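Per-entry structural report
What follows is the residue order along each chain.
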Amino acid sequence: MSKTTGEYLITREKNIYEVVIGLEIHAQVLSNSKLFSSSPTKFGAEPNTQVSLVDAAFPGMLPVINEYCIKQAVKTGIGLKAKINNKSVFDRKNYFYADLPQGYQISQYKHPIVGEGTVILDMSYGQREIGIERLHLEQDAGKSIHDLDPQSTFVDLNRSGVALMEIVSKPDLRSLDEVNAYIKKLRSIMRYLETCDGNMQEGSLRADVNVSVRKKHTEKLGTRCEIKNVNSIKFMQMAIDYEANRQVDLIEDGKKIDQETRLFDTKKNETRSMRSKEDAHDYRYFPDPDLLPLEIKNDFIEKIKSEIPELPDEKKKRFIDKFNLSPYEANILVSDKETSEYFEKVIKNSDVKLSTNWITGELFALLNENDLGIAQSPISAENLSKLIRGVIVLKTTLMSRNI
Amino acid sequence: MSPSNALKQKLVSQQDRIANSKTNAIIRTRFDKVSSEISDSSNTLSGKTILVKDNIAIKGELLTCASNLLESYKSPYSATVIDRLESQGALITGQTNMDEFAMGSSNETSFFGNVQSPIDKNLVPGGSSGGSASALASNLTPVTIGTDTGGSIRQPASFTGTVGLKPTYGSCSRYGIVAFASSLDQAGPMAKNVKDCALLHEVMSSYDLKDSTSIDFKRNNYSELLTNNIKGKKIGIPKEYRADGMPKEIEDLWIKGIEYIKECGAEVIDISLPHTSYALPAYYIVAPAEASSNLARYDGVKYGFRSEGENLIDMYERTRSEGFGNEVKRRIMIGTYVLSSGYYDAYYLKAQKVRKLIKNDFDEAYKKVDAILTPSTPSSAFKIGEKTNDPVSMYLNDIFTVPVNLAGLPGISIPAGLDNKGYPLGLQIIGKAFDEQNLLNIAYAMEEKINFKNNIKEWWIK
């Protein structure tokens, strides 16, 4: 991989291939209740204890939109510098599965709530602008549990109906590093906005990866394959690596790449075809007649805009301008909200340069060693600030005594 | 005798009549439960007994939609319309038979067997609210509740000489009503006269936050404001409803209806609804499309009937093959087909465009008139079995009623005469959206002029 340009290139004898990646991120909306019902959304509850008659699709039940989830989606859209659509439509995506009680998922197909936007990545080789194609709201399905019984599958509907934002990027990512940076950035933006907790272990951030390859210096995109539900950054990287090489091998052998959905097998470290063309899903999307088109007024959007906190890009700029930090330091300090807040608390009463060094050096090392996040830091910002002041006093004293 | 004792006697007598009736109109009764609900309160419907169609949820009761698939399913909650009726003191004494999942025009697709008309045991009562209509016509109940997706209240009302109102879409909450085609379904009252319909409608109709398609508009005390003074009202007669091959009796009935309108002092105006002939084909795309999706939840996983299988797909196939009847399966297949990729634009999308044109036709017409008068059905009730092997001829029964659902308008069928066999015929009045009051007033005035008598004594039920 070329570190200077960031491209992921695969070389075979005479040919050099460029890898093109797009991501579909499913981010669980931070909200107390589900997208179309009042059931709670708390993670880790006993199976089937957070299920209303709507979530279990009882006869005669109707969905009612949760306004808070709309607000969260709009907020996220603003954070992605994206166009908020005044009118969007909820569609039914029809398919049968045991953990999909309605027999359809309510999603947004042709008219999503959020349109095109941008995410800026700070790479070692400079800034990269990644296009956002759209963001739409949809319901999550329940969970099928296949390994509790040799004969039966168990279904937990706690997750059924929880609001998800599907954020679709343009095929603008060119390397594993960029994929990594993109996910971290998106996660950071949503955590700043408090619209998604970004917790991959709990499944509140899941991704489908679209991968294609093309000969370097060609414009036309290759046929893409979608890799479903790769749920950690590590697996995502392994899956992309495998898939890109598989596609290059096919091309080199003069074979055709089928546009298809593939599954990453974490045990065998390979992707494989999920379904054949014969049983490919026809989702029969159509507008959900139980829900009217969603209309969002401009003053609703403006009000949310006025409530948007300072986001990482702006914060970074301020840190550089105001505190004279290097872009590298600023990046580290703004990457998550808690760190930036901690930093600002510390520097209230102590030297910026010294504080930066202490936080990104000693403190981060200690936290890493003990596997803690900054929110769980046993040293509070106030105490660190005191310590730094003490160090300054000590230094000054020592210097004044010429020791 | 105290009011509650009188009521208890009334209930015993109703229970008796239902037990002795032969029409199969009622699937089950709940006299035990209502006996304990009797009080001396004096609300709008205190002491009034009502039968409701078996696709409307009543807490703790079976809710079968006359389908094998839900044969043993009990609803854990009540529909909003049920809550409203009960809060006004109504006693829901039983649940009526219907076409399976409200799909049918003759009540022959019920898992519990077909319903007979009290007029003639070989005659269908219409459908899909055929049980409600039959029970009403044979005096088993003073009023019933039905649902109407393409004519399922008005057509059986017409076939049985009763009154049936399909309210404006968004007027009565759909919460707790098992969905057939969500954008068309409305519950509504069926009664022996317009006044009872008005009273029931005023209780049922409400703005409901639990139904996102419910509409917040000013609702009247329809029964109190009911008047037979319709002088100066303009009633449209749409030329496109003169269907090819329309029986002369229907044509004559319509002409008679026009005369009644004039006698009431209203003005008759010829109008055109140019896209009428496209309504039925559009309906039979939109309704099955929505149904195919709405009925996906009956998969044997969570509730209702399940037929065990080798694996999940096998279980689905067995459950739905054995659980649904032929008409339901036919519509699921049509609906699945018209939504399939490659066919969506040609069928579903086109049908939605047609729907808009039909709505526009009515909007245009209502610039000139207050309401529209048409026949309710293209014929009187037909014989049991006569159309079961010919779905299209069955579907044609809805030709005058479906445009009203597609446009979301209120419509009422009132009995207006008998054909040469002595079978009732109905006239349909179509109103402006949310203008049930004018609609009911016109029906009320006409009812008085028509002075229709259901000659129940001569009917086979006795």
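Residues numbered from 1 in each chain as written. Chains lettered and ligands numbered in written order. Predicted model: local features only at pLDDT ≥ 70, side-chain atom pairs only at ≥ 80, totals over all residues.

Look at any regular strand and the pattern is simple: side chains alternate between the two faces of the sheet. Residues and elements named next belong to chain A. Pairing geometry for strand 6 (residues 117–123) and strand 7 (residues 126–139), over seven bridges, is antiparallel. Among the inter-strand pairings, Val-119 is bridged to a residue of strand 7, identified as Ile-130. Relative to strand 10 (residues 163–169), strand 7 is paired through seven bridges, and the arrangement is antiparallel. Its bridge partner being in strand 10, Arg-134 is matched across the sheet by Val-168. (Pairing = 2+ DSSP bridges. Helix = DSSP H or I, 4+ residues; strand = E, 2+ residues; numbered from the N terminus.)

A word on helix 11 (residues 345–365) of chain B. If you check helix 11 of chain B, its first and last C-alpha atoms are 29 Å apart, about what 21 residues at 1.5 Å a residue would give, namely 30 Å. Along helix 11 of chain B, the positions that sit buried rather than exposed are Tyr-347, Tyr-348, Ala-351, Arg-355, Ile-358, Asp-361 and Phe-362 of chain B. (Expected span 1.5 Å × (residues − 1). Buried ≥ 20, exposed ≤ 12 C-beta atoms within 10 Å, placed from the backbone.)

Quick look at the confidence of the model for chain B now. Confidence in the prediction for chain B averages 95 pLDDT; 98% of positions are at 70 or higher. Interface confidence for the predicted complex, given as ipTM, is 0.96, next to a pTM of 0.94. (pLDDT = per-residue confidence, 0-100.)

So, on to helix 6 (residues 194–204) of chain B. Residues and elements named next belong to chain B. Counting buried residues along helix 6, nine of its 11 residues qualify, which places the element largely inside the surrounding structure. All of the buried residues in helix 6 are Val-194, Cys-197, Ala-198, Leu-199, Leu-200, His-201, Glu-202, Val-203 and Met-204. Of the surrounding elements, those touching the buried residues of helix 6 are helix 3 (80–87), strand 4 (143–148), strand 5 (163–166), strand 6 (186–191), strand 10 (411–418) and helix 14 (436–450). (Contact = placed C-beta atoms within 7 Å.)

The partner chain B presents 33 residues to the 24 residues of chain A that form the contact. Residues of the side of chain A that touches chain B, tallied by class, amount to 16 nonpolar, four polar and four charged. (Nonpolar A, V, L, I, M, F, W, Y, C, P; charged D, E, K, R; others polar.)

A few words on unusual backbone geometry. Residues Gly-127 of chain B and Ser-128 of chain B are joined by a peptide bond in cis, for which omega reads 10 degrees. In this fold, Ser-128 of chain B is placed in the loop between strand 3 (91–96) and helix 4 (130–137). Even without being glycine, Lys-81 of chain A reaches a positive phi, approximately 50 degrees. Along the polypeptide, Lys-81 of chain A turns up in the loop between helix 1 (67–79) and strand 3 (87–88). Classification of Lys-81 of chain A as partly exposed rests on a count of 15 C-beta atoms within 10 Å.

For the rest of this paragraph, the subject is the sheet that holds strand 5 (residues 104–107) of chain A. In spatial order, the strands read 5-4-15 (chain A); together these three strands make up an open sheet with antiparallel pairing. The sheet is open, and its two borders are formed by strand 5 and strand 15 (286–287) of chain A, each paired with just one other strand.

So, about the sheet that holds strand 3 of chain B. All names here are of chain B. If you walk across this open sheet you meet the 11 strands as 1-3-2-4-6-5-10-11-9-7-8, and the pairing is mixed. Pairing within the sheet leaves two strands with one partner each, and these edge strands are strand 1 (26–29) and strand 8 (267–271). In this sheet, adjacent strand axes meet at a mean angle of 30 degrees when their direction is disregarded. Judged from the two bridges that link them, strand 5 and strand 6 form a sheet pairing that is antiparallel. (Axes fitted to C-alpha atoms, helices over the stretch in contact; angles between N-to-C directions.)

Ranked by internal contacts, the top residues of the largest apolar core, which has 205 residues, are Ala-73 and Val-209 of chain A together with Ile-56 and Ala-443 of chain B. A total of 10 residues in this core trace back to one element, the largest contributor, which is helix 8 (residues 279–294) of chain B. Not counting the four nearest positions on each side in its chain, Ala-443 of chain B is found in contact with Val-194, Ile-412, Ile-414 and Ile-429 of chain B. Judged by nonpolar contacts, the second largest core, of 15 residues, contains Phe-319, Phe-343, Trp-358 and Ile-388 of chain A. (Core = buried A, V, L, I, M, F, W, Y, C linked by C-beta atoms within 7 Å.)

This part is about the environment of Gln-50 of chain A. All names here are of chain A. Here Gln-50 lies in the loop between strand 2 (15–28) and helix 1. Classification of Gln-50 by C-beta neighbours within 10 Å gives buried; the count is 23. In this structure, the C-alpha to C-alpha distance between Gln-50 and Ser-38, residues 12 residues apart in sequence, is 9.4 Å. In this structure Gln-50 touches Ser-39, Pro-40, Thr-41, Lys-42, Ala-45 and Asn-158, once residues within four positions along its chain are discounted.

Bringing the domain arrangement of chain A into the picture now. All names here are of chain A. Per the domain assignment, the segments making up chain A are domain 1 (9–305) and domain 2 (310–400). Averaged C-alpha coordinates put domain 1 and domain 2 at centres separated by 35 Å. Contacts between the two partners involve eight residues from domain 1 and, on the opposite side, eight residues from domain 2. Only strand 6 and helix 2 (176–193) provide two or more residues apiece to the side of domain 1 that touches domain 2. Ranked by the residues each element gives to the side of domain 1 that touches domain 2, the list is headed by helix 2, at five residues. Looking at the side of domain 1 that touches domain 2 residue by residue, the class counts come to three nonpolar, two polar and three charged. (Domains from an automatic or database assignment.)

This part is about the packing of helix 1 of chain A against helix 2 of chain A. All names here are of chain A. Following both chains from N to C, one finds helix 1 and helix 2 inclined at 130 degrees, their axes separated by 10 Å at the closest point. Relative to helix 2, the element helix 1 lies oblique. Like other packed secondary-structure pairs, helix 1 and helix 2 cross with a definite hand, here right-handed. Here Lys-75, Thr-76 and Gly-79 of helix 1 lie close against helix 2, whose contacting residues are Ile-189, Met-190 and Leu-193. Residues of the contact of helix 1 with helix 2, tallied by class, amount to three nonpolar, two polar and one charged. (Parallel < 35°, antiparallel > 145°, perpendicular 65-115°, else oblique. Left-handed = near helix turned anticlockwise from the far one by under 90°.)

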